[in-house]
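The chain contents come next:
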Amino acid sequence: MSKHVVMVAAVARNGVIGHEGDIPWSISEDLKHFRAVTKGHTVVMGRKTFDSIGHPLPFRTNIVVTRDPEWSHDNVFTATSLEEAVEVASGHTGDTVIMGGAQIYAQALPLATHQILTEVDLEPEGDTFYPVFEAEEWVETRREEYAGDPAYAFVWLSRR
């Protein structure tokens, strides 16, 4: 596989990534970071994640995984499985960036070559969780810590 499959997520200490279809914190620097690390790449997301955003992300190829063969949106490619989405992404620019939700992350974890995580120093209530992964399968290649309310860190991981 010549392209990297990169999972990008903001994750609370308790593994929460979402609550009732939204992110349970607001960190503007994380949104800027997300834009910076995904721009020019191909993003893959589930339909619920796409619906929560409401539009294709600019300066990226957008692929939505959906079981609904009738679903479509302008400027968005569709796939019926994560595997199909990764195949479609292979013909497009940049790395394949997995951006949620929980089911897509869980399916992508075995394929992922890298993770770029924002570790959020909170334990919010949530109903959507990032998959648990074996830390020994990954090596941290970079970390940037930030004080704030909440504190957070940008963390880059590569599969061993």
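Residues numbered from 1 in each chain as written. Predicted model: local features only at pLDDT ≥ 70, side-chain atom pairs only at ≥ 80, totals over all residues. Heavy atoms only, no water.

**Quick notes on helix α1 (residues 28–38)**
Stage number 1. All of the buried residues along α1 are Asp30, His33, Phe34 and Thr38. For α1, the buried positions fall inside an angular range of 115 degrees around the axis, keeping them on one side.
Stage number 2. Of the surrounding elements, those touching the buried residues of α1 are β1 (5–12), β3 (42–46), β6 (96–98), β7 (114–120) and β10 (152–159).
Stage number 3. Among the residues trailing α1, Gly40 stands out with phi positive, at a value near 85 degrees. (Buried < 20%, exposed > 50% of the residue type's maximum accessible area, 1.4 Å probe, protein only. Helix = DSSP H or I, 4+ residues; strand = E, 2+ residues; numbered from the N terminus. Arc of directions from axis to C-beta. Contact = heavy atoms within 4.5 Å.)

**Remarks on the nonpolar core**
Stage number 1. The biggest cluster of nonpolar side chains holds 25 residues, and the ones touching the most others in it are Met7, Val44, Leu82, Ile98, Tyr105 and Tyr130.
Stage number 2. Of all the secondary-structure elements, those providing two or more residues to this core are β1, β4 (61–65), α3 (82–89), α4 (102–108) and β10.
Stage number 3. Setting aside chain neighbours within four positions, we find Tyr130 in contact with Met7, Ala9, Val11, Gly15, Ile17, Tyr105, Gln115 and Leu117.
Stage number 4. Ranked by size, the runner-up nonpolar core spans 22 residues in total, among them Val8, Ile27, Val64 and Trp156. (Core = buried A, V, L, I, M, F, W, Y, C linked by side-chain atoms within 4.5 Å.)

**Observations concerning the pattern of salt bridges**
When the charged atoms of two side chains lie near each other, side chains of opposite charge can form a pair.
Stage number 1. Enumeration over the complete set of coordinates arrives at nine salt bridges.
Stage number 2. A salt bridge links Glu29 to Lys32; the shortest N-O distance between them is 3.2 Å. Of this pair, Glu29 and Lys32 both sit in helix α1, three residues apart, roughly one helical turn.
Stage number 3. Glu29 sits in the partly exposed class, given a relative accessible area of 37%. (Salt bridge = Lys/Arg side-chain N within 4 Å of Asp/Glu carboxyl O.)

**Comments concerning the sheet that holds strand β9 (residues 138–146)**
Stage number 1. Strand order in the open sheet formed by eight strands is β5-β4-β3-β6-β1-β7-β10-β9, with mixed pairing between adjacent strands. Of all the strands in the sheet, the pair left with one neighbour each is β5 (77–79) and β9. Within this sheet the neighbouring strands show an average axis-to-axis angle of 20 degrees, counted without direction.
Stage number 2. Pairing geometry for β3 and β6, over three bridges, is parallel. In the strand pairing of β6, Thr42 is matched with Thr96. (Pairing = 2+ DSSP bridges. Axes fitted to C-alpha atoms, helices over the stretch in contact; angles between N-to-C directions.)

**Structural notes on α3**
Residues separated by three or four positions in an α-helix point in the same direction, a consequence of the helix having 3.6 residues per turn.
Stage number 1. Leu82, Ala85, Val86 and Ala89 are the residues of α3 that are buried. What you see down the axis of α3 is that its buried residues fit within an arc of 100 degrees, all on one side.
Stage number 2. Residues of α3 that are buried sit in contact with β3, β4, β5, β6 and α4.

**Side note on the UniProt feature "domain: DHFR" (unreviewed entry) in the chain**
Stage number 1. As recorded in UniProt, the feature "domain: DHFR" (unreviewed entry) lies at residues 4–160.
Stage number 2. Helix makes up 21% of residues 4–160 and strand 34%. Its end C-alpha atoms lie 14 Å apart. (UniProt positions renumbered as here; feature names shortened; annotations may be inferred.)

**With respect to the packing of aromatic side chains**
Stage number 1. If you walk through the whole model with that rule in mind, you get seven aromatic pairs.
Stage number 2. Across the ring face of Phe59, the terminal group of Lys39 is positioned such that the distance to the ring centre comes to 4.8 Å.
Stage number 3. Note that Arg142 overlies the ring of Trp156, its terminal NZ or CZ placed 3.9 Å from the centroid. (Phe/Tyr/Trp six-rings, centres within 6.5 Å; stacked < 30°, edge-to-face > 60°. Lys NZ or Arg CZ within 6 Å of the ring centre and 35° of its normal.)

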